[in-house]
Amino acid sequence: MNITQKINDAPLVYAVLSQARESSASDMDDSVHDPIDAEEVYELIRSINDPEHPLTLEQLRVTNREHIVVDDGAGRVLIEFTPTIPHCSMATLIGLCIRVRLLRSLPERFKVDIRVRQGTHQSEGDVNKQLNDKERVAAALENTYLLDVVNQCLATAA
């Protein structure tokens with residue numbers, strides 16, 4: 001990334017305890033409805049790189065399974081993430097990376113809400129508003145530099 005001054009020079013790094021999801025024969029059968037669940041969404045976002053460090057969101061515990069809610073029938077996904085520090089200036093960018101990853105991966109029928117976990121960021125209301133406003137997200141993705149940074153964060157996403 002082309003970020004020169006780090007906001008959090010020494011983030012806590014956690015061991016990755018993820019296990020690969022077991023697949024069944026029905027997973028490969030397109031005629032069988034395979035509901036999307038929190039585990040599948042987590043697998044999509046856990047390997048996104050942090051914009052500031054060469055670490056994944058999972059390694060920094062920015063994301064975890066317990067903070068993902070999926071209602072396949074209603075076509076809704078709620079993801080709450082935890083910035084590494086309460087004044088993290090990268091929170092909006094992290095949320096944008098999560099949104100883009102899911103826009104590119106989930107069926108269009110899903111409405112995705114992305115939020116900073118309550119009490120984990122000093123500007124959580126503003127960040128949440130930006131992340132869930134279609135016009136603001138579209139405008140951000142029209143910015144070539146910002147889109148390049150997002151794509152770099154997603155380059156290692158499985």
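Keep in mind it's a predicted model, so treat the numbers as computed, not measured. (Residues numbered from 1 in each chain as written. Predicted model: local features only at pLDDT ≥ 70, side-chain atom pairs only at ≥ 80, totals over all residues. Heavy atoms only, no water.)

Describing the pairing of strand E2 (residues 76–81)
Inclusion rule: Between buried and exposed lies partly exposed: a residue is buried under 20% and exposed over 50% of the maximum accessible area for its type, with that area taken using a 1.4 Å probe on protein chains only. In DSSP terms, a helix is any run of H or I states spanning at least four residues, a strand is any run of E spanning at least two, and both are numbered starting from the N terminus. At least two bridges found by DSSP between two strands is the condition for calling them paired. When the strands point away from the viewer and the path from the first strand over the helix to the second turns clockwise, the crossover is right-handed.
The two faces of E2 differ: Val 77, Ile 79 and Phe 81 on one face are buried, but Arg 76, Leu 78 and Glu 80 on the other face are not. Bridge count for strand E1 (residues 68–71) against E2 is 4 bridges, and the pairing is antiparallel. Counted as the bridge partner of Asp 71 is Arg 76 from E2. In this antiparallel pair of consecutive strands, E1 and E2, the connection spans 4 residues, and Gly 75 shows a positive phi of 70 degrees. In the sheet, E2 pairs with strand E3 (residues 111–116) via 6 bridges, with the strands oriented parallel. From the neighbouring strand, Phe 81 faces E3, where its bridge partner is Val 116. Handedness of the crossover joining E2 and E3 through helix H2 (residues 91–105): right-handed.

Brief notes about helix H1 (residues 38–45)
Formally: By definition in these notes, contact holds between two residues if any of their heavy atoms fall within 4.5 Å.
Taken together, the buried positions of H1 are occupied by Val 41, Tyr 42, Glu 43, Leu 44 and Ile 45. Structurally, H1 contributes buried residues whose contacts are with E1, E2 and H2.

Side note on the packing of H2 against helix H3 (residues 124–131)
Our working definition: Convention adopted: a line fitted to C-alpha atoms gives each axis, helices being fitted over their contacting stretch, and angles between N-to-C directions are expressed from 0 to 180 degrees. What sets the label is the angle itself: under 35 degrees gives roughly parallel, over 145 gives roughly antiparallel, 65 to 115 gives roughly perpendicular, and the rest give oblique. What makes a crossing left-handed is the near helix being turned counterclockwise from the far one by less than a right angle; a clockwise turn instead makes it right-handed.
Contact geometry of H2 with H3 gives a least axis separation of 10 Å together with a crossing angle of 30 degrees. Considering their axes alone, H2 and H3 lie roughly parallel with respect to each other. Along this stretch, H2 crosses H3, giving a crossing that reads as right-handed. Contacts from Ala 91, Thr 92, Gly 95, Leu 96 and Arg 99 of H2 reach H3 at Val 127, Gln 130 and Leu 131.

Notes on the sheet that holds E1
If you trace the 3 strands from one edge of the open sheet to the other, you get E1-E2-E3, paired in mixed fashion. One side of each edge strand has no neighbouring strand; the edge strands of this open sheet are E1 and E3. Put simply, the sheet's adjacent strands are angled 10 degrees from each other on average, direction ignored. The sheet strands contacting H3 are E2 and E3, and the helix crosses E3 at an angle near 160 degrees.

Concerning the environment of Arg 109
Test applied: Under the rule applied, a polar contact is a pair of N or O atoms within 3.5 Å (in protein, one hydrogen donor and one hydrogen acceptor; residues adjacent in sequence only if both atoms are side-chain atoms).
With respect to the helices, strands and loops of the structure, Arg 109 is situated in the loop between H2 and E3. For Arg 109, a relative accessible area of 42% corresponds to the partly exposed category. In this structure Arg 109 touches His 33, Asp 72 and Gly 75, once residues within four positions along its chain are discounted. In terms of polar contacts, Arg 109 uses its side chain to reach the side chain of Asp 72, at 2.8 Å.

Some points on the packing of H2 against helix H5 (residues 144–154)
As a reminder of what qualifies: Gly counts as polar in this scheme, as do all residues outside two lists: the nonpolar Ala, Val, Leu, Ile, Met, Phe, Trp, Tyr, Cys and Pro, and the charged Asp, Glu, Lys and Arg.
The geometry of H2 relative to H5 is characterised by a closest axis approach of 10 Å and an angle of 70 degrees between their N-to-C directions. Judged by the angle between their axes, H2 and H5 are roughly perpendicular. In contact with Leu 93, Leu 96, Cys 97, Val 100, Arg 101 and Arg 104 of H2, H5 contributes Leu 146, Leu 147, Val 149, Val 150, Asn 151, Cys 153 and Leu 154. Here the contact of H2 with H5 is composed, by residue class, of 10 nonpolar, 1 polar and 2 charged.

Considerations on the confidence of the model for the chain
Condition: The score called pLDDT rates the predictor's confidence residue by residue, from a low of 0 to a high of 100.
Across the chain, pLDDT averages 87, with 81% of residues at or above 70. Note that residues 1–5 has pLDDT below 50 and, in this model, 9 contacts with residues that lie over four places away or in other chains.

Comments concerning the nonpolar core
The following threshold applies: Take the buried Ala, Val, Leu, Ile, Met, Phe, Trp, Tyr and Cys residues and link them wherever side-chain atoms come within 4.5 Å; each set so joined is a nonpolar core.
The biggest cluster of nonpolar side chains holds 39 residues, and the ones touching the most others in it are Ile 48, Phe 81, Ile 98, Leu 102 and Leu 106. Only H1, E2, H2, E3, H3, helix H4 (134–142) and H5 provide two or more residues apiece to this core. With 8 residues, H2 is the single largest residue contributor to this core. Among all residues touching Leu 102, those that are not within four sequence positions of it are Val 41, Leu 44, Ile 45, Ile 79 and Val 112.

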